[in-house]
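Structural features, examined
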Amino acid sequence: MDKVSHALVEFREMDALAAQESPLHRMHPLIKLLVTLAYIVFVVSFDKYALSALIVMVLYPILLFQISGIPVRTCFYKLRVVLPLVCAVGLFNPFFDRAPLLFVGSVAVSGGVISMLTLMLKGIFALMASFLLIATTPMDQICAALRILRVPSLLVTLLLLTYRYISVMLREVSVMSEAYHLRAPKQRGIHVSAWGSFLGQLLLRSMDRADALYQSMQLRGFHGEFYYAESPRCTPGAVGYGVGCVAFFALARYVDLPQALGNLFVR
Amino acid sequence: MHMADALLAPAVAATMYAASGVAAGASVHELRKDENTQKLPVMAVTAALVFAGQMINYTIPGTGSSGHLCGGMLLTGLLGPQAGFLSMIVILAIQCLFFADGGLLALGANVWNMAFYGCFVGYYLIWRPIMRGKLFSGMGARGAGRAKIILASLLGCVLTLQLGAFSVVAETSLSGITELPFGTFLGIMLPIHLAIGLIEGVITAAVLLFVYETRPELLRDIGAGAGAESRTSLKTTVVVLALVAAIVGGGFSLLASSNPDGLEWSLFGNAEAGYSENMGLDEDEFGVTSSAADRAAAVQEKTAILPDYAFSDSDSAAGTTVSGLVGSTLVAAIAVLICFIGGFFRKKHKAAAK
């Protein structure tokens, strides 16, 4: 399967996950959005050597995966995009920061190794959080939450329209590249002679499609703003969940919980 | 070039969000002025097209590798800076949300690095001056238009990608994420993105040229109505373009290699300072004078799992490590417990549903 059809499958998969049913799916989108942002901010704000304190933050995604019933496997599949870049930056740390920070038996672990591991964990945690947000919240609900946050309607409508059109475009590109490759076997990409015309043809057709789209929108009474499907209610329980989560993140950020927990048993 | 959340400190991320937010606000304000809602579907469809178009592999002749499209310049040429910028924001947001390409917190920085430079710098500094200028006027209206598009696409992609790569390095360094020295990191990023920019520029030029040949009215700032004269085939143009790119690229790489390589330099610099001798973890000498060790020592006092174990003779330090490890294990146990409870309730739920 080529890259385009892969993207199409991934897109549909996320849509299907967001359409499932769970307490997390039923929660107000704005609260989910804000808690996710707070989580990411707290995670990345940990000190670069604070590996042990950071570990507590794993509890939030684990709890959410359990509540929502979303398979963790789908999320880890997405890590392949994020991890290489984070690793590429982090991998240099062990070379430049060689001061030993910790000894495991007689093996010295340098600051660079610890900061590299911390960086990777931060990358994984941040990805899990935003994955959980999008896997439990349909796009129109996210757009509704953005409208509550007073993001301009032009931008939100554009986001929603583009989102709708991406799957159409992906299908179109997938069909085109399949047709191209059937006629040009043993060729891995698009040949130089077709660089301009391949996407150019699609572009011209898309412009006509945009015209038709606009006309149909106008016939249905579009005047610059969409009406979003009714979002779930903002219940006191949801607000409590949000406040509780943020309080836990703050506690974990400023108090080294694993350390405190360990002290209970060791001393 | 998509940055992940982990590569940014919250303060830097917030600053970039603010900067991108101002640019987005100004763009929305500008677009609202003409009150033309017709542009909205065009923007959405073009954004979706660029999103899908970036996944097409273009074979680079003579090599086994492939290049991709430069979204910012293409959108600028088709929609103008403001509409192009907003379309790029939407593309980056969807890439981040659905494909984990870039992070939610890093979105502001990614918008700045890719969309702002690509659309605003690309348009006001490159696209518009070149299109309105009298460049290549000896080649006839059609030929001049073609040459201008090629020049603008190439220059635009190279410049905006260089600016973007520079910003990535600056933001990562300001966030204190990497130990890689600023100059070295820059020395790695810029040449890579020079090559990428040249290839993206050629592909973008090819697509824009096709649009120019078939429907020039779709492009910004190009005087339509020029007669068809001196038609050169697209293939010839692309070949010439690739040659120019190769020459420019070769020139740049000569320039770059006459300077000492950053990574090499920094490693040598460290070796001269006696750094390499210390690799055998000679603790008596190592760490006493090194600034890295001083910093590390300061951090050790604050953090739990990384105690002053190696340098101190107190027993409490050992205890600190052990309690940190025990605590972490307990956290892991709690995590496993949550999984079990979750599994139990879901099974029960399924059983109830049956």
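Residues numbered from 1 in each chain as written. Chains lettered and ligands numbered in written order. Predicted model: local features only at pLDDT ≥ 70, side-chain atom pairs only at ≥ 80, totals over all residues.

1. Observations concerning the overall build of chain A
Across its full length, chain A carries twelve helices and two strands. Scanning chain A from its N terminus toward the C terminus, one meets helices and strands in the order α-α-α-α-α-α-β-β-α-α-α-α-α-α. In terms of overall size, chain A is more extended than a compact globule, its C-alpha atoms giving a radius of gyration of 23 Å where 267 residues would be expected to give roughly 18 Å. Across its three principal axes, chain A shows a C-alpha extent of roughly 75 × 55 × 30 Å. Burial status across chain A gives 48% buried among its 267 residues. Residue pairs at least 24 apart in sequence account for 78% of intrachain contacts in chain A once pairs closer than 6 positions are excluded. (Helix = DSSP H or I, 4+ residues; strand = E, 2+ residues; numbered from the N terminus. Rg over C-alpha atoms; globule rule 2.2 N^0.38 Å. Buried ≥ 20, exposed ≤ 12 C-beta atoms within 10 Å, placed from the backbone. Contact = placed C-beta atoms within 7 Å.)

2. What to know about the overall build of chain B
Across its full length, chain B holds eleven helices and two strands. Ordered by position from N to C terminus, the α and β elements of chain B give α-α-β-β-α-α-α-α-α-α-α-α-α. The burial tally for chain B puts 44% of its 354 residues in the buried class. Summarising the internal contacts of chain B: among those between residues at least 6 apart in sequence, 73% fall at separations of at least 24.

3. Digging into the interface of chain A and chain B
With 106 residues of chain A at the interface, the matching set in chain B holds 96 residues. If you tally residues by element for the side of chain A that touches chain B, the top one is helix α10 (residues 195–219) of chain A, at 16 residues. Its residues assigned to classes, the side of chain A that touches chain B comprises 70 nonpolar, 25 polar and eleven charged. (Nonpolar A, V, L, I, M, F, W, Y, C, P; charged D, E, K, R; others polar.)

4. Things to note about unusual backbone geometry
The phi torsion at A:Arg150 lies on the positive side, around 65 degrees, for a residue other than glycine. For A:Arg150, the location among the structural elements is in the loop between α8 (139–148) and α9 (153–183). A tally of 7 C-beta atoms within 10 Å means that A:Arg150 is categorised as exposed. Although it is not a glycine, B:Ala100 sits at a positive phi angle of roughly 55 degrees. The topology assignment puts B:Ala100 in the loop between α4 (81–99) and α5 (107–132).

5. Let's talk about helix α2 (residues 39–53) of chain B
The end-to-end C-alpha separation of α2(B) is 20 Å, in line with the 21 Å expected for 15 residues at 1.5 Å each. Burial analysis of α2(B) places 14 of its 15 residues in the buried class, which makes it a mostly covered element. (Expected span 1.5 Å × (residues − 1).)

6. What to know about the confidence of the model for chain B
All names here are of chain B. Looking at chain B as a whole, its pLDDT mean stands at 75, while 70% of the residues score no less than 70. The least confident element of chain B, judged by mean pLDDT, is helix α9 (residues 262–272) at 38; the most confident is helix α1 (residues 10–33) at 92. Considering only residues more than four positions removed or in separate chains, one finds that residues 224–233, a stretch of pLDDT under 50, has 14 contacts. With pLDDT under 50 throughout, residues 299–317 is counted as low confidence; its partners more than four residues away or in other chains account for 42 contacts. At the level of chain-chain contacts, confidence expressed as ipTM amounts to 0.88, with global pTM at 0.78. (pLDDT = per-residue confidence, 0-100.)

7. Quick notes on the pairing of strand β2 (residues 107–110) of chain A
With four bridges connecting them, strand β1 (residues 100–104) of chain A and β2(A) associate as antiparallel partners. Bridging across to β2(A), A:Val104 finds its partner in A:Val107. (Pairing = 2+ DSSP bridges.)

8. A closer look at the packing of α1(B) against α5(B)
All names here are of chain B. Where α1 contacts α5, the two axes come as close as 8 Å, and the packing angle between them is 35 degrees. The element α1 and its partner α5 pack so that their crossing is left-handed. In this structure, α1 contributes Ala-13, Met-16, Tyr-17, Ala-19, Ser-20 and Ala-23 to the contact, and α5 contributes Gly-108, Ala-109, Val-111, Trp-112, Phe-116 and Phe-120. Each residue belonging to the contact of α1 with α5 can be placed in one class, and the counts come to ten nonpolar, two polar and no charged. (Axes fitted to C-alpha atoms, helices over the stretch in contact; angles between N-to-C directions. Left-handed = near helix turned anticlockwise from the far one by under 90°.)

9. A word on the environment of B:Thr46
For B:Thr46, the position within the fold is in helix α2. Put simply, B:Thr46 and B:Leu79 are 33 residues apart on the chain and 8.6 Å apart in space, counted from C-alpha to C-alpha. For B:Thr46, the contacting residues outside a window of four places in its chain are A:Ser206, B:Leu75, B:Leu78, B:Leu79 and B:Ser87.

10. Digging into α1(B)
Between its terminal C-alpha atoms α1(B) stretches 34 Å, which fits the 34 Å expected from 24 residues at 1.5 Å a residue. Buried residues of α1(B): B:Val12, B:Ala13, B:Met16, B:Ser20, B:Ala23, B:Ala24, B:Ser27 and B:Leu31, and no others. For α1(B), the elements touching its buried residues are α9 of chain A together with α2, α4, α5 and α6 (140–174) of chain B.

11. What to know about the environment of B:Arg346
For B:Arg346, the location among the structural elements is in helix α11 (residues 315–353). Considered as a pair, B:Arg346 and B:Ala100 are 246 residues apart in the sequence and their alpha carbons are 28 Å apart.

12. As for the environment of B:Ala19
Residues and elements named next belong to chain B. Relative to the helices and strands, Ala-19 is located in helix α1. Taking the number of C-beta atoms within 10 Å as the measure of exposure, Ala-19 has 15 and is therefore partly exposed. Sequence separation of Ala-19 and Trp-112 is 93 residues, and the distance between their C-alpha atoms is 7.5 Å.

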